[in-house]
There are 2 protein chains.
Amino acid sequence: MTQEQGLVLIYTGNGKGKTTAAFGQVLRAVGHGMRVCVVQFIKGEWSTGEVLAVGSLSDKVEVHIKGSGFTWLAEDKQEVVRVALDAWEFAKEKMMSGDYDLLVLDELTYLVTYEIIDQSEVVEVLKKRPAGLNVVITGRGVSPALIEVADLVTEMMEVKHHFRNGVTARKGIEF
Amino acid sequence: MTQEQGLVLIYTGNGKGKTTAAFGQVLRAVGHGMRVCVVQFIKGEWSTGEVLAVGSLSDKVEVHIKGSGFTWLAEDKQEVVRVALDAWEFAKEKMMSGDYDLLVLDELTYLVTYEIIDQSEVVEVLKKRPAGLNVVITGRGVSPALIEVADLVTEMMEVKHHFRNGVTARKGIEF
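Definitions and limits used
Residues numbered from 1 in each chain as written. Chains lettered and ligands numbered in written order. Predicted model: local features only at pLDDT ≥ 70, side-chain atom pairs only at ≥ 80, totals over all residues. Heavy atoms only, no water. Contact = heavy atoms within 4.5 Å. Salt bridge = Lys/Arg side-chain N within 4 Å of Asp/Glu carboxyl O. Polar contact = N/O pair within 3.5 Å; in protein donor to acceptor, adjacent residues only side chain to side chain. Helix = DSSP H or I, 4+ residues; strand = E, 2+ residues; numbered from the N terminus. Nonpolar A, V, L, I, M, F, W, Y, C, P; charged D, E, K, R; others polar. Pairing = 2+ DSSP bridges. Axes fitted to C-alpha atoms, helices over the stretch in contact; angles between N-to-C directions. Parallel < 35°, antiparallel > 145°, perpendicular 65-115°, else oblique. Left-handed = near helix turned anticlockwise from the far one by under 90°.

**Digging into the interface of chain A and chain B**
With 54 residues of chain A at the contact, the number on the chain B side is 54 residues. Viewed at the interface, chain B and chain A are joined by two salt bridges. For E50(A), the salt bridge goes to R28(B), with nearest N and O atoms at 2.7 Å. Linking chain A to chain B there are 22 residue pairs in polar contact (both at pLDDT 80 or more). Among the elements of the structure, β1 (8–12), α1 (18–31), α2 (49–54), α6 (144–149) and β6 (152–160) of chain A are those that each provide at least two residues to the side of chain A that touches chain B. Looking at which element gives the most residues to the side of chain A that touches chain B, the answer is α1(A), with eleven residues. The residue makeup of the side of chain A that touches chain B, split by class, is 24 nonpolar, 18 polar and twelve charged. As judged from the seven bridges shared by β6(A) and strand β6 (residues 152–160) of chain B, these two strands associate in the antiparallel manner.

**Things to note about the packing of helix α3 (residues 77–96) of chain B against helix α5 (residues 119–128) of chain B**
Residue and element names in this part refer to chain B. Following both chains from N to C, one finds α3 and α5 inclined at 20°, their axes separated by 10 Å at the closest point. Comparing the axis directions of α3 and α5 gives the class roughly parallel. Considering only the axes of α3 and α5, their crossing is right-handed. Contacts between α3 and α5 involve W88, K92, M95 and M96 from the first element and E121, V122, V125, L126 and K128 from the second.

Next up, the structure:
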């Protein structure tokens, strides 16, 4: 049996729905018995609903929140970079492990945008990954080389957003 | 205690990710203990992964596939219209029941596009819904009046798609 080549899917753009679509992808994969790993690079200050729910889904899903407590506005830039690099090393190990059918790298693009890692390294790692592994990458400002290596890229465009009308983030909706 | 006004979220556009984001929203809501109902207006020819997985999530989630077996290309147009109208009546009952915190109307927009129902009726029903109910609507070609009534609208734009390179729909990825 030849293994199908895994796909690289990117959800980018300034609109809402990137992480949400990635978790929808997790749900879909789990429904078909796939083994899933999620690495979150930035989120993690609150308990998001999707992370709470995913735990009850299956023992085939892991979620790792690696960005907990750090912010791009932190005073200690060196610490931010250290945490981000650790997260990236962790994600690479997961990518190469052969233990998963789907790996979600949630908000990975910011590490490239903030020049913590180089896009060429991301591309190189993606090319060397196990053949059957599907990868979902989310975040704004995806770089051209990443688009080149991706099989599918969807840009989420904000058409209308209630935050602009003074509504604040809602539990169950935004997190 | 005053109940928070529920939101109307729309995921539209020609790119992949609309239904996926809606199911991510379901996952998020379930994580916070919300009661969820999904009505699918078109999908349902295969067992999609998200529908399989949602069943194991919680007894607070219902998925109703109302478009099973019908297609817009069917020879019997009257039957298509009948099934679609039944689905819409069903969805309206769910909307008004007060039994849910989140209602997903997956691919509802096609009923407006194909002039089976009028957008003004959708707007009217949304405005009369129970105060706390959040609604997610997906589908291409969302009409201006629906955008007007929505709190959030994200357009999924296709930047790149592997189907164009001859790759076919994959289990766990597209369904």
